[in-house]
Amino acid sequence: RVTRKWVEPEHREWQGKAYVTVPARKMIQIHAENRALEFAPVAWKYDRVSEGERIDVALQRGRFGDEIRIVDIGPF
């Protein structure tokens, strides 16, 4: 279930040995398996989903522990 959509603005952050400019990106927050996960999909997938909508999600589970990561969102 998609709970929130927002745009993360362009910002500068420390990576390695220097500050780099990270471009703006569109983010969505998805509730999957009782967790809130954030994902930055490609632009056309971001435009197709809306808040409160139920979508298909491809998840990847960690080998050890209970780590979950979003691989992709529908439509596939």
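The text that follows walks through the structure, step by step, so that each part is easy to find. Every residue gets a number counted from 1 within its own chain, in the order that chain's sequence is written. Per-residue local features are limited, in this predicted model, to residues with pLDDT of at least 70; the limit for side-chain atom pairs, both in listing and counting, is 80 or more; totals at the level of whole chains, interfaces and linings are taken over all residues. Water and hydrogen atoms play no part in the side-chain values, which are based on all heavy atoms of the structure.

**Here we look at unusual backbone geometry**
Step number 1: Backbone geometry places glutamate 33, a non-glycine residue, at a positive phi of 50°.
Step number 2: Secondary structure elements follow DSSP: runs of H or I of four or more residues count as helices, runs of E of two or more count as strands, with numbering from the N terminus. Examined against the element boundaries, glutamate 33 turns out to sit in the loop between β4 (25–32) and β5 (35–39).
Step number 3: If you check the backbone angles, asparagine 34 has positive phi at about 60° while not being a glycine.
Step number 4: Topologically, asparagine 34 is positioned in the loop between β4 and β5.
Step number 5: A 1.4 Å probe rolled over the protein chains alone gives each residue an accessible area, and that area as a share of the maximum for its type sets the label: buried under 20%, exposed over 50%, partly exposed in between. When its relative accessible area of 82% is taken as the criterion, asparagine 34 is described as exposed.

**Describing the sheet that holds strand β1 (residues 2–8)**
Whether parallel or antiparallel, the strands of a sheet pair through hydrogen bonds between backbone atoms.
Step number 1: Overall, antiparallel pairing links the three strands, which are arranged β1-β4-β5 in an open sheet. One side of each edge strand has no neighbouring strand; the edge strands of this open sheet are β1 and β5. For this sheet the average axis-to-axis angle between neighbouring strands, irrespective of direction, equals 20°.
Step number 2: Where β4 meets β5, five bridges bridge the pair, whose relative direction is antiparallel. Residue isoleucine 28 lies in a different strand from β5, and its bridge partner there is phenylalanine 39. The rule for pairing is simple: two strands pair if DSSP sees at least two bridges between them. Axis definition: a line fitted to C-alpha atoms, limited for helices to the stretch in contact. Angles are taken between N-to-C directions and run from 0 to 180 degrees.

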